[in-house]
Amino acid sequence: MEVAGEVLHSGSSQELHVLAVDDSYVDRKVIEKLLKTSSCKVTAVESGARALQFLGLDGGKGSLGFNGLKVNLIMTDYSMPGMTGYELLKKIKRSSAFREIPVVIMSSENILTRIDSCLEEGAEEFLVKPVKLSDVKRLTKDCVTRGETEGRDGRRVNKRKLEDDNHSSSSSTSSSPSTTASFGCGLATSELLSSPLHSSKRAKLRDRD
């Protein structure tokens, strides 16, 4: 099947597979390099439409490259022509086949309404560019941990939702920013307290209000 645009595969089948979506060639190369440094297999595409093609969610008869290839994490830019990262996120979360895949939104703009909308729609994290190697390493580590947990329990535990519920019930006694932050791939609370949180903008911005 021939389609215009670029699909890049890097790494071995033994590694985590990350679908990276960004209309900027430079940013796409940067995130690909960070992921490869973190020992990930990378598929890089330049638009939300291409990501849907790859996943087989574009209404076509088959996928561009998903056959037999599991995606462990999707990282997408927010501002893209044609389809924003937010719109892509909504399509993925409305798919019974792919809604459990963690989606991380990236943006060069720190806009609270965008952050809240993405997190409420099911995004695991909202990273403000430039994305750092420490962010990628943390996300991939969390994906491995979550995969091991799924293997034992046979299901995914949405720790971000559980944490939101816990925060709601304890908001009168605690206002710690760490407990309201989003979770990348099911980041445990104990790990979150000791990890860099520059991507967890919602809690920090609320503290400023």
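Conventions we followed
Residue numbers run consecutively from 1 along every chain, following the written order of its sequence. Residue-level local features of this predicted model are given only where pLDDT is at least 70; pairs of side-chain atoms are given and counted only at 80 or more, and the full residue set underlies all totals for whole chains, interfaces and linings. In computing side-chain properties, one takes all heavy atoms of the structure into account and sets aside hydrogens as well as water. Each nonpolar core is a collection of buried residues, namely Ala, Val, Leu, Ile, Met, Phe, Trp, Tyr and Cys, held together in the definition by side-chain atoms within 4.5 Å. Partly exposed describes any residue whose relative accessible area lies between the buried limit of under 20% and the exposed limit of over 50%, with all areas from a 1.4 Å probe on protein chains only and scaled to the type maximum. Note on conventions: DSSP H or I runs of at least 4 residues are helices, E runs of at least 2 residues are strands, and numbering of each starts at the N terminus. Only one rule defines a salt bridge in this text: a Lys or Arg side-chain nitrogen within 4 Å of an Asp or Glu carboxyl oxygen.

Draft legend 1. Spatial organisation of the nonpolar core. Leu19, Leu55, Ile74, Ile105 and Cys118 are the most contacted members of the largest nonpolar core, which totals 25 residues. Only strand S2 (16-21), helix H2 (48-55), helix H3 (85-93), strand S5 (103-107) and helix H4 (112-121) provide two or more residues apiece to this core. Ranked by size, the runner-up nonpolar core spans 17 residues in total, among them Val104, Leu127, Val131 and Val136.

Draft legend 2. Local environment of the pattern of salt bridges. One pass over the full model with this rule turns up nine salt bridges. The shortest N-O distance in the salt bridge between Asp22 and Lys129 comes to 2.7 Å. Pair noted here: Asp22 is in the loop between S2 and helix H1 (25-37) and Lys129 is in the loop between strand S6 (125-128) and helix H5 (133-153), with a separation of 107 residues, a long-range link. The two residues Asp22 and Lys129 agree in class, both being buried. Here Lys29 and Glu32 are joined by a salt bridge, their closest N and O atoms 3.7 Å apart. Remark: Glu32 and Lys29 occur in helix H1; sequence separation between them is three residues, near one turn of the helix. For Lys29, a relative accessible area of 32% corresponds to the partly exposed category. Bridged by salt links that share partners, the residues Asp22, Asp27, Asp77 and Lys129 form one connected network.

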